[in-house]
Amino acid sequence: MTQPVDHSLQDPPKLPFEPLIQRNAVITEQPWVRWLLIATALIFLAGFLLLPLVAVFVEALRNGLGTYVEAVKDPDALSAIKLTLVVAAIAVPLNMLFGVAAAWAVTKHQFRGKQFLITLIDLPFSVSPVVSGLIYVLIFGAQGYLGPWMSDHDFKVIFAIPGIVLATIFVTFPFVARELIPLMQEQGTDDEQAALSLGASGWQTFTRVTLPNIKWGLLYGVLLCNARAMGEFGAVSVVSGHIRGMTNTMPLHVEILYNEYNFAAAFAVASLLALLALLTLVLKSYLEWRLGDELSATRKH
């Protein structure tokens, strides 16, 4: 009579990739290698990021707090700060609307030319900001395609606020869309389809289902877009004309002050941009944490 086989006494079957796991398990770096890599990264960050940032604030306050305040209160500096805020207030909401619409179209619908749309969204990442500024000069400049017609109708784009806004929109519009597209692809369309099957309209589905699901990713994209809009130099420099007190944004004003050897005022205004960068970093870290929780909840769901 055949005796039953006790499978509990047998070795478990080996997986086909078990030798690879065993080989990788013994390939670990020595502790001194880890510390060397960490030290190298810290030295690099301190030398190329932290030290210049500290130098900005040191130079800004070198002549005392009174000089710093006077530099910030200068009429030209206040005009540059105001223009920077106005341009960001126009460009960021427009890019937010475009980013949400583009991400919705790419992730929730299938249509011909979809890949071409994605390529267009990424275009500003590959085009130099200076080149994008020159494009607007070519179109709206005095010798451009539309320049004579606009001159006859007394409407200025180049060397005026409209040109600065257009250049800023061009260089910043991918940020919101590029943050939302991966998030909305991860979430899929199940929630929207369920809402539509229950009788919700398209607008109700967007406002009550899609928008709450992407709120942290949307805020993250808006934050990055705003930071780039306020700090943009290349494209704005080409179309602004550097008219002091009229078309100078904060980065352009810093350049003019530095070229005039007014270092204290230049670093004072630069420190405001540095404070904006630090605030952006803090908010970015917070939104990344909330966005990570959102993605984890989506995967569990």
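Predicted model, so just to flag it, every value in this text is computed and none were measured.

(A) Inspection of the overall build of the protein at higher detail. Helix and strand counts for the protein come out as 14 helices and zero strands. Each helix and strand of the protein, ordered N terminal to C terminal, gives the series α-α-α-α-α-α-α-α-α-α-α-α-α-α. Residue burial in the protein is summarised as follows: out of 301 residues, 35% are buried. Across the protein, contacts joining residues at least 24 apart in sequence account for 73% of those joining residues at least 6 apart.

(B) Representation of the packing of aromatic side chains. Tallied over the entire structure, the rule returns 11 aromatic pairs. When the centroid spacing of 5.2 Å and the interplanar angle of 90° are considered together, the rings of Phe98 and Phe173 count as edge-to-face. Of the two residues, Phe98 is situated in helix H4 (residues 75-108) and Phe173 in the loop between helix H8 (161-172) and helix H9 (174-187); the sequence distance between them amounts to 75 residues. With a relative accessible area of 32%, Phe98 lands in the partly exposed category. Relative accessible area serves as the criterion here: at 14%, Phe173 is assigned to the buried category. Look at Trp216 and Tyr286: their rings are 6.0 Å apart centre to centre, the planes differ by 85°, and that puts the pair in the edge-to-face class. One end of the pair, Trp216, is in helix H11 (residues 202-231); the other, Tyr286, is in helix H14 (residues 263-300), with 70 residues separating them in the sequence. A relative accessible area of 15% places Trp216 in the buried class. Taking relative accessible area as the criterion, Tyr286 reaches 38% and is therefore assigned partly exposed.

(C) A look at the side chain of Ser237. In this structure, Ser237 sits in helix H12 (residues 234-240). According to the relative accessible area criterion, Ser237 is buried, its value standing at 17%. Not counting the four nearest positions on each side in its chain, Ser237 is found in contact with His242 and Leu252.

(D) Focus on a nonpolar patch on the surface. Residues Trp35, Ile38, Leu42, Phe44, Leu45, Phe48 and Leu49 make up a contiguous nonpolar surface patch of about 810 Å² in total accessible area. Tracing the chain through its elements places Leu49 in helix H2 (residues 31-60).

(E) Inspection of the confidence of the model for the protein at higher detail. Overall, the predicted model of the protein reaches an average pLDDT of 84, with 87% of residues at or above 70. Ranking the helices and strands of the protein by mean pLDDT puts H8 first, with 94, and helix H1 (residues 18-25) last, with 46. Counted against residues more than four places away or in other chains, residues 14-26, with its pLDDT under 50, gives zero contacts.

(F) Examining the UniProt feature "transmembrane region" (unreviewed entry) in the protein more closely. Following the UniProt record, the feature "transmembrane region" (unreviewed entry) maps to residues 32-58, 78-104, 116-139, 159-177 and 263-283 here. Measuring from the first to the last C-alpha atom of residues 159-177 gives 29 Å, for a span that is 84% helix and 0% strand. The distance from the first to the last C-alpha atom of residues 263-283 is 30 Å, and the span holds 100% helix and 0% strand.

(G) Summary view of H2. For H2, built from 30 residues, the straight-helix expectation of 44 Å at 1.5 Å per residue is met to within 8% by its first-to-last C-alpha distance of 42 Å. Maximum bend of H2: about 40°, positioned at Ala46.

(H) Spotlight on the packing of helix H5 (residues 114-126) against H9. Two numbers describe how H5 lies on H9: the axes approach to 9 Å, and their chain directions differ by 130°. On the basis of the axis angle, H5 is oblique to H9. When you trace H5 past H9, the crossing you get is left-handed. Where H5 abuts H9, its residues Ile118, Ile121, Asp122, Pro124 and Phe125 lie against Pro174, Phe175, Ala177, Arg178 and Ile181. Along the lines of polarity and charge, the residues of the contact of H5 with H9 split into eight nonpolar, no polar and two charged.

(I) Main features of the pattern of salt bridges. What the rule picks out here adds up to six salt bridges. A salt bridge links Glu232 to Arg228; its shortest N-O distance comes to 2.8 Å. Note on Glu232: relative accessible area 4%, which makes it buried. Among the charged side chains, a network of salt bridges with common partners joins Asp76, Arg244 and Glu260.

(J) Summary view of the nonpolar core. Core analysis: the biggest nonpolar cluster contains 28 residues, and Val92, Val176, Leu180 and Leu218 have the highest contact counts within it. Here the element with the most residues in this core is H11; it accounts for 11 residues. The contacts of Val92, once residues within four sequence positions are left out, are Val222, Cys225, Asn226 and Ala229. Listed in part, the 19 residues of the second largest apolar core include Ala91, Ile158, Val165 and Val236.

The rules behind the values
Residues numbered from 1 in each chain as written. Predicted model: local features only at pLDDT ≥ 70, side-chain atom pairs only at ≥ 80, totals over all residues. Heavy atoms only, no water. Helix = DSSP H or I, 4+ residues; strand = E, 2+ residues; numbered from the N terminus. Buried < 20%, exposed > 50% of the residue type's maximum accessible area, 1.4 Å probe, protein only. Contact = heavy atoms within 4.5 Å. Phe/Tyr/Trp six-rings, centres within 6.5 Å; stacked < 30°, edge-to-face > 60°. Patch = residues over 30% accessible without salt bridge, like charges linked within 9 Å, V, L, I, M, F, W, Y side chains within 5 Å. Areas by Shrake-Rupley, 256 points an atom, 1.4 Å probe, with all protein chains shown as cover. Salt bridge = Lys/Arg side-chain N within 4 Å of Asp/Glu carboxyl O. pLDDT = per-residue confidence, 0-100. UniProt positions renumbered as here; feature names shortened; annotations may be inferred. Expected span 1.5 Å × (residues − 1). Bend = angle between axes of the 7 residues up to and from the residue. Axes fitted to C-alpha atoms, helices over the stretch in contact; angles between N-to-C directions. Parallel < 35°, antiparallel > 145°, perpendicular 65-115°, else oblique. Left-handed = near helix turned anticlockwise from the far one by under 90°. Nonpolar A, V, L, I, M, F, W, Y, C, P; charged D, E, K, R; others polar. Core = buried A, V, L, I, M, F, W, Y, C linked by side-chain atoms within 4.5 Å.

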